[in-house]
Amino acid sequence: MDSTNRRSPRLAVLTVTCAFLTIAWGVAASLSATRVRIVTTMSSERAVADAQRFADLASVVAEDLLGRRSSRGPLVVTLYETLAEYQAKDEELTGGDFATNWAFSSRATKESYLALMPPMATPLQDAVGLTFLMQSQIAHEVGHQASYHVLPACAELPLWLSEGLACWVELETMRRAQRMTTIADPPFYSRRLVLVRSMLADRTWPGSAGIFADDYGPLDGARRYAIWSVFCGWLFDEVLRDQRRSLFAQARGIAATTPDARKKLTAIFTKALGKRAATLDAEFAKFVDALKPSWDEPFRATEQRGEDWLTIAFDTSNATCIRVEPVGVPNYTVRGTIEFLPGASSDLRLHVARDAGHELEVHFVQDVGVIAHWNDFGGGGAPGPMGELSGAGPFAFEVRVEPTKATVFIDDVEVSSIEIETPTNGGQVGIGAAAKSAGWWRDLEIEPPPRR
Ligand SMILES: [Zn+2]
């Protein structure tokens, strides 16, 4: 997200609150040697250290792409613990243009502002640090901010170039931080790949000419970010790899006052494609075809940490992260261990036998029990018997799926069993959580192992 706002940058400096200043000073003083100054209302040292690490790494990545900026002094990223604090700052700087975006960088102040995503209480931040989502969005905003400092015509940047390079910095930061190897793996990016594949399949894909003209038609925000991540990431990473530094050096030569600055900025990159421009769309389709997305996650909440999976749901949306590839056999077992993390709600959910119209949903609810119900996505069927589940765990679970029923075991004891009304002969499996819930999924296993 970025901003074309050109109001006075002084407001941002003058209107910080006292509590804010104290924390900001403490953090800035202890990290004076860093490339990015983190200003924050967050109280978890672990989460703030995490933010510092990803912001610093992103600034190194941005420098690789854009070149070094001439002015001294660190970049500045302000992190708000609550959405309300972020929205107050957005209201002050842009009149509320980014109220529902959770993050933006201002071309006027040349600084970045983010709300903690998803909202997390301090004990949860202390337990897990920042989420994959938050780490990646800090990197994204640092990418924007670096471009504002380096490119004189930053106010004239076409959207595809502005968002494309912020997405590239974001992806490269997550790779260098070893948070991923390919975009097909983390649910957050795998979802974008799913969207790109569906746009190519249903012919709503705008094509490279449409992208370079910033003509996206009626495509929504999620699809636009999918384009900027997957297409622009590929463009800078593979197609223009050897030329990208010299291309951004040329972009630095375009002034804000240059006539047609926006068109000239795009032309630098399209000219560099040469004859390849004619085959670019076919090449991209081939690249996408070879990348099989692992997960589809309509609302970002789930990430991998080593061998474990962590789900932290937003306050207003349930988290659902589904393996794209169906299990492929009618009889199978899903097992693993769950552990609840502190949250306003504690409802982890396993999805099995899922197809386009049905699934069996198993709720693990802390201090309530295990509830399994057949769901047609229209309100859900009657719940099966309830098993007990007291405390935060860990609890070893096992769900045995057969063509007409599923049986749930906790620590080897059968706790729930329910009929599958429309047998799916396999279907998909997934993990998730109710809104406001958080927890770990460990030692996840499907037996027999899927073919993939
Ligand atoms: Zn952006």
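What counts, and where the lines are drawn
Residues numbered from 1 in each chain as written. Predicted model: local features only at pLDDT ≥ 70, side-chain atom pairs only at ≥ 80, totals over all residues. Helix = DSSP H or I, 4+ residues; strand = E, 2+ residues; numbered from the N terminus. Buried ≥ 20, exposed ≤ 12 C-beta atoms within 10 Å, placed from the backbone. Contact = placed C-beta atoms within 7 Å. Pairing = 2+ DSSP bridges. Axes fitted to C-alpha atoms, helices over the stretch in contact; angles between N-to-C directions. Expected span 1.5 Å × (residues − 1). Arc of directions from axis to C-beta. Parallel < 35°, antiparallel > 145°, perpendicular 65-115°, else oblique. Left-handed = near helix turned anticlockwise from the far one by under 90°. Nonpolar A, V, L, I, M, F, W, Y, C, P; charged D, E, K, R; others polar. Core = buried A, V, L, I, M, F, W, Y, C linked by C-beta atoms within 7 Å. pLDDT = per-residue confidence, 0-100.

1. Focus: the overall build of the chain
- Within the chain, the secondary structure is distributed over 13 helices and 18 strands.
- When the 452 residues of the chain are sorted by exposure, 46% land in the buried category.
- Within the chain, contacts between residues separated by at least 24 positions form 71% of all contacts whose residues are at least 6 apart in sequence.

2. Re the pairing of strand 5 (residues 111–115)
- The element strand 5 is largely enclosed, with a buried count of 5 among its 5 residues.
- Both faces of strand 5 are covered, namely the face carrying Glu111, Tyr113 and Ala115 and the face carrying Ser112 and Leu114.
- As defined by bridge partners, strand 3 (residues 75–80) adjoins strand 5 across 4 bridges and the pair is classed as parallel. For leucine 79, the partnering residue across the bridge sits in strand 5 and is leucine 114.
- Inspection of the sheet shows strand 4 (residues 103–106) paired to strand 5 by 4 bridges, in the antiparallel sense. Each residue of the ladder has a partner; that of alanine 103, found in strand 5, is leucine 114.

3. Let's talk about the sheet that holds strand 14 (residues 395–401)
- If you walk across this open sheet you meet the 7 strands as 7-8-18-10-14-15-16, and the pairing is antiparallel. Each of the sheet's edge strands pairs with one partner strand only, and the pair in question is strand 7 (302–305) and strand 16 (413–419). When the angles between neighbouring strand axes are averaged without regard to direction, this sheet yields 25°.
- In this structure, strand 10 (residues 332–340) lies alongside strand 18 (residues 438–447), joined through 7 bridges in antiparallel fashion. Each bridged residue has a counterpart across the sheet, and for valine 334 the counterpart in strand 18 is isoleucine 446.

4. Points about the sheet that holds strand 11 (residues 347–354)
- Reading across from one edge, 6-9-17-11-12-13 is the order of the 6 strands in this open sheet, with antiparallel pairing throughout. What marks the edges here is a single partner per strand, and that holds for strand 6 (295–296) and strand 13 (369–375).
- Across 4 bridges, the pairing between strand 9 (residues 319–323) and strand 17 (residues 428–433) is antiparallel. Paired with isoleucine 322 across the strands is glycine 430, a residue of strand 17.

5. Here's the deal with helix 4 (residues 83–94)
- In a regular helix each residue adds 1.5 Å, so 12 residues correspond to 16 Å; helix 4 covers 16 Å between its end C-alpha atoms and thus fits that length.
- Residues of helix 4 that are buried include every one of Tyr86, Lys89, Asp90 and Leu93, and no others. The arc that holds the buried residues of helix 4, viewed along the axis, is 100°, so those residues lie on one side.
- Once helix 4 ends, the next one or two residues include glycine 95, with phi positive near 75°.

6. Some details on unusual backbone geometry
- With omega at 15°, the peptide bond leading from glycine 393 into proline 394 counts as cis.
- Looking at the secondary structure, you find proline 394 in the loop between strand 13 and strand 14.
- The omega torsion across glutamate 447 and proline 448 is 0°, close enough to zero to call that bond cis.
- With respect to the secondary-structure elements, proline 448 resides in the segment after strand 18.
- Residues other than glycine seldom take positive phi values, yet tryptophan 102 does so here, at roughly 70°.

7. As for the environment of alanine 153
- Residue position: alanine 153 is located in the loop between helix 6 (132–150) and helix 7 (159–176).
- For alanine 153, a count of 18 C-beta atoms within 10 Å translates into the label partly exposed.
- Taking the C-alpha atoms as reference, alanine 153 lies 8.2 Å from arginine 262; in sequence the two are 109 residues apart.
- In this structure alanine 153 touches Ile254, Ala255, Ala256, Thr258, Ala261 and Leu265, once residues within four positions along its chain are discounted.

8. Thoughts on the packing of helix 6 against helix 7
- Relative orientation of the contacting elements helix 6 and helix 7 amounts to 130°, with a least axis distance of 8 Å. Taken as axis vectors, helix 6 and helix 7 run oblique relative to one another. The interaxial crossing formed by helix 6 with helix 7 has right-handed handedness. Between helix 6 and helix 7, the contacting residues are Ser136, Ala139, His140, Val142, Gly143, His144 and Ser147 on the first element and Ser162, Leu165, Ala166, Cys167, Val169, Glu170, Thr173 and Met174 on the second.
- Of the residues belonging to the contact of helix 6 with helix 7, the class tally is 7 nonpolar, 7 polar and 1 charged.

9. Some details on the nonpolar core
- Counting residues in each nonpolar core, the largest one holds 118 residues, and the members touching the most others are Ala58, Ile138 and Val142.
- For alanine 58, the residues in contact, after removing those within four places along its chain, are Ile138, Ala139, Val142, Gly143, Val169 and Thr173.

10. Some details on the confidence of the model for the chain
- The predicted model of the chain has a mean per-residue pLDDT of 89, with 89% of residues at 70 or higher.
- At the low end of the mean pLDDT range in the chain sits helix 1 (residues 10–14), at 32; at the high end sits helix 9 (residues 207–212), at 98.
- Across residues 4–32, where pLDDT falls below 50, the model places 30 contacts with residues more than four positions away in sequence or in other chains.

11. Quick notes on the packing of helix 3 (residues 45–66) against helix 6
- Taken N-terminus to C-terminus, the directions of helix 3 and helix 6 make an angle of 45°; their axes are 8 Å apart at the nearest point. Overall, the two elements helix 3 and helix 6 adopt an arrangement that is oblique. You can see that helix 3 and helix 6 cross each other, and the crossing is right-handed. Here Asp50, Ala51, Phe54, Ala55, Ala58, Ser59, Ala62 and Leu66 of helix 3 lie close against helix 6, whose contacting residues are Gln135, Ile138, Ala139, Val142, Gly143, Ala146, Ser147 and Val150.
- Class assignment of the residues belonging to the contact of helix 3 with helix 6 gives a composition of 11 nonpolar, 4 polar and 1 charged.

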